[in-house]
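Reading the structure
Now for the letters of each chain:
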Amino acid sequence: MSNKKELIVSAIKDGTVIDHIPAKDLFKVIKILDFEHMPNQVTFGGNLESKSMGKKAIIKVADKFFADSEINKIALIAPTANLNIIRNYEVIDKKPVQLPDSVVGLCKCINPKCITNSEPMQTKFEVVKDDSVSLRCHYCGKITDSEHFTLL
Amino acid sequence: MENNSLISITDFSTDEILRVLEIAADFEKKPEPHLLDGKVVSTLFFEPSTRTRLSFESAVNRMGGRVIGFSDPNISSVSKGETLKDTIRIVSNYCDLIVMRHPLEGSSRYASEVATVPVVNAGDGAHQHPTQTLLDMYSIKKTQGRLDNINIFMVGDLKYGRTVHSLVQAMAPFNPVFHFVSHQKLRMPNEYKQYLDSKGVKYYEHEQFADLIPEADVIYMTRVQKERFTDQVEYEKTKDFYVLKNSMLANAKPSMKILHPLPRINEISQDVDSNPHAYYFEQAMNGVYARQAVISYVLGLKK
């Protein structure tokens, strides 16, 4: 990488860089990926300048290569995010996050009369990809739109 | 179908719906009083619904099965705070089939995932009530001789009425024409209209329907609840538009039938009851045949 001045967050030797996270959603992404319980070295930067986004956030996770099913959950919150896979300080792969078809146990159903809000059970949604992303509850069928995503 | 349960009418393909309606017709012609010999069916009513429960229990009894269950959650373990999952897992041991009604939406789907026996949804909140839809379709088929090309008027509360929502979806493959008659505050929700648009089904919306009755093959009446209106003056002004009176039926097609999921309050005048167009009491009888068909189908006793 030539433009070294952008390296406000220090480089990693091997691992994954999650770039172009909307600045306001950094901590939601941190929560979804459960860094609190991850032993890896994690560095992150918030409110960084971005040509394309104005403000962005970035997360670098050393020695971690996410499974698609693990990382794609963040597409619900941060659809603009992309992944840089780093080996020996070099970017060997670059890819955008992909919306999953379904999500389990991540968000709360917006319907107060839904069984998932009363029973100790996991929520389950089908991801509906129209103009914006929304979630259709597998149990009650109600739609939770992206403005009302509440992480569990 | 998920482990043979019936939770939503959309769990059945159109072919399966037609097959279940045939089975219902068989039960009407030829009762099978020993089909469920030795079988136990649980009716778990986490909210009271006497009519639905009796209809299911009648269906089981007519086939020789036994019924266990409760009709009031206040006297059951539920009031002690047991989870739905635990109740369903325990009851699964005691029976061959669970019929369940619950005030929370999605509860039956969840029950079908934790049960070890098939579950039939007898209503989960405002969500689904598939056996009602099947008995409505059975009533339409029986009175009109067909399901195809029916002109269906739906009248009353089309916004909150789950029976009309399910019926709209289930009838869509049969090239119906829908007339939705309601106050503008109680219109058919957009999601169902979009569904009909996507299937190329014709529908019209009206605020009154007295002049249109001669076009109808079926008039499906529903109850308009006063509580749906924040403005009670509004309710008083418009409530009579959605009441069916005997005098309105003079020019109806001879084959036209009036359906209602019941209970009726005042949206069908008492003087309609003796009119040959009235069909809502027979419709309730059809509910027993439809439920016999569903029970025997999900148990694999009829294919």
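The rules behind these values
- Residues numbered from 1 in each chain as written.
- Chains lettered and ligands numbered in written order.
- Predicted model: local features only at pLDDT ≥ 70, side-chain atom pairs only at ≥ 80, totals over all residues.
- Heavy atoms only, no water.
- Helix = DSSP H or I, 4+ residues; strand = E, 2+ residues; numbered from the N terminus.
- Buried < 20%, exposed > 50% of the residue type's maximum accessible area, 1.4 Å probe, protein only.
- Contact = heavy atoms within 4.5 Å.
- Areas by Shrake-Rupley, 256 points an atom, 1.4 Å probe, with all protein chains shown as cover.
- Lys, Arg positive; Asp, Glu negative; His and termini not counted.
- Charge placed at Lys NZ, Arg CZ, Asp CG, Glu CD.
- Polar contact = N/O pair within 3.5 Å; in protein donor to acceptor, adjacent residues only side chain to side chain.
- Buried area = accessible area lost by both parts, 1.4 Å probe.
- Salt bridge = Lys/Arg side-chain N within 4 Å of Asp/Glu carboxyl O.
- Nonpolar A, V, L, I, M, F, W, Y, C, P; charged D, E, K, R; others polar.
- Domains from an automatic or database assignment.
- Expected span 1.5 Å × (residues − 1).
- Pairing = 2+ DSSP bridges.
- Right-handed = clockwise from strand over helix to strand, strands pointing away.
- Axes fitted to C-alpha atoms, helices over the stretch in contact; angles between N-to-C directions.
- Left-handed = near helix turned anticlockwise from the far one by under 90°.
- pLDDT = per-residue confidence, 0-100.
- Patch = residues over 30% accessible without salt bridge, like charges linked within 9 Å, V, L, I, M, F, W, Y side chains within 5 Å.
- Core = buried A, V, L, I, M, F, W, Y, C linked by side-chain atoms within 4.5 Å.

The helix and strand inventory of chain A stands at two helices and nine strands. Traced from its N-terminal end to its C-terminal end, chain A shows the element sequence β-α-β-β-α-β-β-β-β-β-β. Counting only C-alpha atoms and orienting by the principal axes, one finds that chain A spans roughly 55 × 30 × 20 Å. Sorting the 152 residues of chain A into buried and exposed places 45% on the buried side. Taking contacts inside chain A between residues at least 6 apart in sequence as the whole, the part at least 24 apart equals 59%. For chain A, the exposed surface amounts to about 8,700 Å²; the carbon and sulfur share of it is 49%. Here chain A carries 21 positive and 19 negative side-chain charges, and the mean point of each set is 2 Å from the other.

Moving on, we come to the side chain of Thr144 of chain A. Residues and elements named next belong to chain A. Residue position: Thr144 is located in strand β9 (residues 143–145). Separated by 3.2 Å, the side chain of Thr144 and the backbone nitrogen of Ile110 make a polar contact. With residues near it in sequence (within four places) discarded, Thr144 still touches Lys108, Cys109, Ile110, Phe125, Ser134, Leu135 and Phe149.

It is worth spelling out the interface of chain A and chain B at this point. In this assembly, 14 residues from chain A lie in contact with 13 residues from chain B. A combined buried area of about 1,100 Å² lies between chain A and chain B, and 53% of that area is made up of carbon and sulfur atoms. The largest share of the area that chain A buries against chain B comes from Lys113, Ile115 and Tyr139 of chain A, three residues that together contribute 47% of it. Counting every contact that joins chain A to chain B gives one salt bridge. Note that Glu105 of chain B is salt-bridged to Lys142 of chain A, the shortest N-O span being 3.4 Å. In this assembly, chain A and chain B are joined by nine residue pairs in polar contact (both at pLDDT 80 or more). Taken together, the residues of the side of chain A that touches chain B break down into six nonpolar, four polar and four charged.

All names here are of chain B. Domains assigned within chain B are domain 1 (31–128) and domain 2 (131–284). On a C-alpha basis, the centroid separation for the pair domain 1 and domain 2 is 29 Å. Domain 1 puts 11 residues into the contact, and the matching count from domain 2 is six residues. Counting each side, the surface lost to burial between domain 1 and domain 2 is near 590 Å², with a carbon and sulfur contribution of 40%.

Time to look at the pattern of salt bridges. Throughout the structure, instances matching the rule amount to 21 salt bridges over all chains. The closest approach of N and O atoms between Asp11 of chain B and Arg109 of chain B, which form a salt bridge, is 3.1 Å. Of this pair, Asp11 of chain B sits in the segment before α1 (14–29) while Arg109 of chain B is found in helix α4 (residues 107–114), placing the two residues 98 residues apart along the sequence. Considered together, Asp11 of chain B and Arg109 of chain B belong to a single accessibility category, that of buried residues. Look at the salt bridges and you will find they share partners, linking Lys24, Asp25 and Lys28 of chain A into a network.

All names here are of chain B. With 19 residues, helix α9 (residues 280–298) ought to run about 27 Å at 1.5 Å a step, and its terminal C-alpha atoms sit 27 Å apart, in line with that. Counting buried positions along α9 gives 15 out of 19 residues, so the element sits mostly inside the fold. Immediately downstream of α9, the backbone of Gly300 shows phi near 75 degrees, a positive value.

What follows covers the pairing of strand β6 (residues 177–181) of chain B. Looking down a regular strand, the side chains alternate between one sheet face and the other. Residues and elements named next belong to chain B. For β6, the tally of buried residues reaches four of five residues, placing the bulk of the element in the interior. Relative to β6, strand β5 (residues 151–155) runs parallel, the two sharing five bridges. Note on β6: the bridge partner recorded for Asn151 is Val177. Handedness of the crossover joining β5 and β6 through helix α6 (residues 162–171): right-handed. Here β6 runs beside strand β7 (residues 202–206); their pairing, made up of five bridges, is parallel. Bridging from a neighbouring strand, Phe178 pairs with Tyr203 of β7. Traced from β6 through helix α7 (residues 190–199) to β7, the parallel crossover comes out right-handed.

Another aspect to go through is the packing of helix α5 (residues 130–144) of chain B against α9 of chain B. Residue and element names in this part refer to chain B. Two elements in contact, α5 and α9, have axes whose closest approach is 8 Å; the angle formed by their N-to-C orientations is 115 degrees. For α5 against α9, the interelement crossing comes out right-handed. Here Thr131, Gln132, Leu134, Leu135, Asp136, Tyr138, Ser139 and Lys142 of α5 lie close against α9, whose contacting residues are Gln283, Asn286, Gly287, Tyr289, Ala290, Arg291 and Val294. Of the residues contributing to the contact of α5 with α9, the split by class is six nonpolar, six polar and three charged.

All right, on to the confidence of the model for chain B then. Here chain B averages 94 in pLDDT, and 99% of its residues register 70 or above. Scored by ipTM, the complex comes to 0.88, with pTM at 0.88.

Among the surface-exposed residues, Ile68, Ile90 and Tyr94 of chain B lie close enough to one another that they form a single nonpolar patch of about 280 Å² accessible area. The topology assignment puts Ile90 of chain B in helix α3 (residues 84–92).

Attention now goes to the nonpolar core. Counting 56 residues, the largest nonpolar core has Ile18, Ile59 and Ile74 of chain A together with Ile88 and Ile98 of chain B as the members making the most contacts within it. In terms of residue count, the dominant contributor to this core is helix α1 (residues 26–32) of chain A (four residues). Ignoring any residue separated from it by four or fewer positions in sequence, one finds Ile98 of chain B in contact with Ser42, Leu44, Ile88, Val91, Ser92, Ala115, Val117, Pro118, Val119 and Val120 of chain B. The next biggest cluster of nonpolar side chains, apart from the first, holds 54 residues, and it includes Met63, Val294, Tyr297 and Val298 of chain B.

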